[in-house]
Amino acid sequence: LGAVGVLVGLSAEPTARSLGLALPWLFVGLSLRGWAFRSLGPLGRTRDPAPPAGRVEAGPYRWLRHPIYVGNVCIAVGIIVSAALPATLAIGVLLFVALIYALLAGRETAQLRDLPVREPAALGAAALLRSERSTFLSVGALLLLQLFVAVLAESEFFAPGPCIVEGLVVLVLF
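The following refers to the structure shown.

Parameters and conventions
Residues numbered from 1 in each chain as written. Predicted model: local features only at pLDDT ≥ 70, side-chain atom pairs only at ≥ 80, totals over all residues. Heavy atoms only, no water. Axes fitted to C-alpha atoms, helices over the stretch in contact; angles between N-to-C directions. Helix = DSSP H or I, 4+ residues; strand = E, 2+ residues; numbered from the N terminus. Parallel < 35°, antiparallel > 145°, perpendicular 65-115°, else oblique. Left-handed = near helix turned anticlockwise from the far one by under 90°. Nonpolar A, V, L, I, M, F, W, Y, C, P; charged D, E, K, R; others polar. Salt bridge = Lys/Arg side-chain N within 4 Å of Asp/Glu carboxyl O. Buried < 20%, exposed > 50% of the residue type's maximum accessible area, 1.4 Å probe, protein only. Polar contact = N/O pair within 3.5 Å; in protein donor to acceptor, adjacent residues only side chain to side chain.

## Quick look at the packing of helix H2 (residues 16-40) against helix H3 (residues 67-83)
Line of reasoning, step 1. The N-to-C vectors of H2 and H3 enclose an angle of 165°; their axes lie 7 Å apart at closest approach. Classified by the angle between their axes, H2 and H3 sit roughly antiparallel to one another. The handedness of the crossing between H2 and H3 comes out as left-handed.
Line of reasoning, step 2. The residue inventory of the contact of H2 with H3, partitioned by class, reads 19 nonpolar, 6 polar and 1 charged.

Structure, rendered in structure tokens:
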């Protein structure tokens, strides 16, 4: 996904309109991720590759099997929209991201299929912010950078082309 981020950054030509259209997608994606991690509790952020001891059916998990992945795809849509990519590239990037998360969701569904339901202790707001800080900082930095490029593009002194720095910010995000 990092190479896709660089490709997005190299092709980005953000405008004030594209940033405005992206904000709802980014808000929904970040909110859904936060709600899902809060519902998972302290076991939601683990680097342990072993399957969990149980599955959660509280919070967004009542309606979605993989709300974190859905949130990530919403964030990807927001980044694609904010970058104002050409339609063919935007569709290709979105399909690639959706395919990656569909494969991850399939594997995770198989791991969770026969596990008992568990009710974890909800993650507190401070712990949630700590666990999601890199996501918030990456998306925020990308938006600020694209806003800067969009403002400069409307000035008479600067004619921006593709922005490699955006690609690096997206690389950190994914």
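Next, the rest of the story.
## Considering the pattern of salt bridges
Line of reasoning, step 1. Applying the stated criterion across every chain yields a total of 1 salt bridge.
Line of reasoning, step 2. Of the charged contacts, one joins Glu57 and Arg55 as a salt bridge, the two residues approaching to 3.2 Å between their closest N and O atoms.
Line of reasoning, step 3. The class for Glu57 is partly exposed, based on a relative accessible area of 38%.

## A closer look at the side chain of His66
Line of reasoning, step 1. Mapping His66 onto the fold places it in the loop between H2 and H3.
Line of reasoning, step 2. The buried category is assigned to His66, whose relative accessible area is 12%.
Line of reasoning, step 3. Here the side chain of His66 touches Ala105 through a polar contact of 3.2 Å, landing on its backbone oxygen.
Line of reasoning, step 4. Only 2.7 Å separates the side chain of His66 from the side chain of Thr109, close enough to count as a polar contact.

## Quick notes on the environment of Leu112
Line of reasoning, step 1. Looking at where Leu112 falls in the secondary structure, it is placed in helix H4 (residues 87-112).
Line of reasoning, step 2. What makes Leu112 buried here is its relative accessible area of 17%.

These figures capture arrangement, not role.
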